[in-house]
Amino acid sequence: MLDFIKDIPTIYLGLIGSFIAGMGTGVGAIPVLVIRKISQRVQGAMLGFGAGVMLAATSFSLVIPSLEAATLQTNSNTFSALIVVIGILLGGLFLWCSHQYFPHEHFIKGPEGNYQNLKRTWLFVIAIAIHNFPEGLAVGVGFGGEYVANGIALAVGIGLQNIPEGFVVAIALLTEKYSRWSAFSVALLTGLVEPLGGLIGAGVVSISQAILPWAMAFAAGAMLFVISDEIIPESHSLGHEKEATIGVMVGFVIMMFLDFTLG
């Protein structure tokens, strides 16, 4: 199966994998067509689960392969570690700048940036785009070089964490007086940001394999920023920290298992 997939150009694998992962938000939003409300305890656990999946994906499918790829290129543990460190910091800086200069609104934390002239709908859309782009980027980069298995694990894992995220997003839209179908449609469409990130990530690593460790580390840094700055604080802000923490641990071990068995 993997031999067949390896014959497909990286850019197509990144696009397809990130599209499948992104559609997890639409799958997760389906129950909103019949359910109008979930408890904050469940929301916190679901957000924590997503954070745990992303954290494991970052560690096992991005950072470790990035170190391995850098070591093959440099034959030096020190230079390899420096490449990954710089790449992670650049990824985090990119997301920090995105948060600073793009006005957006989180479903739980509220607005950030200069948002007076924008409708709340667009603020939500921008927030989701900032969140989902690095996920798609990670999937696209994950299919680079000999790391097809990592790309599959990332696509499955991020698609898995997008399911509860899509449900929480759709529920939040219902509380903003959206209709059931509108809430479902917006949650579904938010997943389309990920193929854009996947296309860029796969395109970059297709140009030169020398970029691969940098790109993986960059995607890892962007993901880490989203996890720490957005998902975990939002999961804990609901007042059910223990449930959110359990969600993080469950998500982490499931993604770790997927990465090891698929890889």
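Per an unreviewed UniProt entry, the protein carries the name ZIP family metal transporter and comes from Limnoraphis robusta CCNP1315. Per its UniProt entry, the protein bears the Sequence similarities (unreviewed entry) comment "Belongs to the ZIP transporter (TC 2.A.5) family." According to its UniProt record, the protein has this under Subcellular location (unreviewed entry): "Cell membrane".

Another point: the overall build of the protein. Regarding its fold elements, the protein presents 11 helices and 2 strands. N-terminal to C-terminal, the α/β element order of the protein is α-α-α-α-α-β-β-α-α-α-α-α-α. The burial tally for the protein puts 51% of its 263 residues in the buried class. Pairs at least 24 apart in sequence give 82% of the contacts found in the protein among residues at least 6 apart. Summing over all exposed atoms, the protein offers an accessible surface of approximately 12000 Å²; the carbon and sulfur share of this is 71%.

Here Gln161 shows up in helix 7 (residues 148-175). In terms of polar contacts, Gln161 uses its side chain to reach the side chain of Glu135, at 2.8 Å. If we skip the residues at most four places from it in the chain, Gln161 touches Phe49, Gly50, Val53, Met54 and Glu135.

Here we come to the packing of aromatic side chains. Applying the stated criterion to the full structure yields 4 aromatic pairs. Each ring, one from Phe94 and one from Phe133, has its centre 6.2 Å from the other, and the planes form 50°; the classification is tilted. Highlighted residues: Phe94 in helix 5 (residues 77-101) and Phe133 in helix 6 (residues 120-142), separated in sequence by 39 residues. Overall, the relative accessible area of 36% leaves Phe94 in the partly exposed class. Here a set of aromatic residues connected by ring pairs shows up, and it is made of Phe94, Phe133 and Phe218.

Another point: the UniProt feature "transmembrane region" (unreviewed entry) in the protein. UniProt's feature table lists "transmembrane region" (unreviewed entry) at residues 12-35, 47-67, 79-102, 122-145, 151-174, 186-205, 211-232 and 244-262, given in the numbering used throughout. When the span residues 151-174 is considered, its composition is 100% helix and 0% strand, and the gap between its end C-alpha atoms is 34 Å. Segment residues 211-232 splits into 95% helix and 0% strand. End C-alpha atoms: 30 Å apart.

Inspection of every chain in the model, using the stated rule, returns 1 salt bridge. The salt bridge partner of Glu243 is Arg41, with a shortest N-O separation of 2.3 Å. With a gap of 202 residues between them, Glu243 in helix 11 (residues 241-262) and Arg41 in helix 4 (residues 40-74) connect regions that are remote in the sequence. Owing to a relative accessible area of 43%, Arg41 belongs among the partly exposed residues under this scheme.

Reading the values: rules and limits
Residues numbered from 1 in each chain as written. Predicted model: local features only at pLDDT ≥ 70, side-chain atom pairs only at ≥ 80, totals over all residues. Heavy atoms only, no water. UniProt positions renumbered as here; feature names shortened; annotations may be inferred. Helix = DSSP H or I, 4+ residues; strand = E, 2+ residues; numbered from the N terminus. Buried < 20%, exposed > 50% of the residue type's maximum accessible area, 1.4 Å probe, protein only. Contact = heavy atoms within 4.5 Å. Areas by Shrake-Rupley, 256 points an atom, 1.4 Å probe, with all protein chains shown as cover. Polar contact = N/O pair within 3.5 Å; in protein donor to acceptor, adjacent residues only side chain to side chain. Phe/Tyr/Trp six-rings, centres within 6.5 Å; stacked < 30°, edge-to-face > 60°. Salt bridge = Lys/Arg side-chain N within 4 Å of Asp/Glu carboxyl O.

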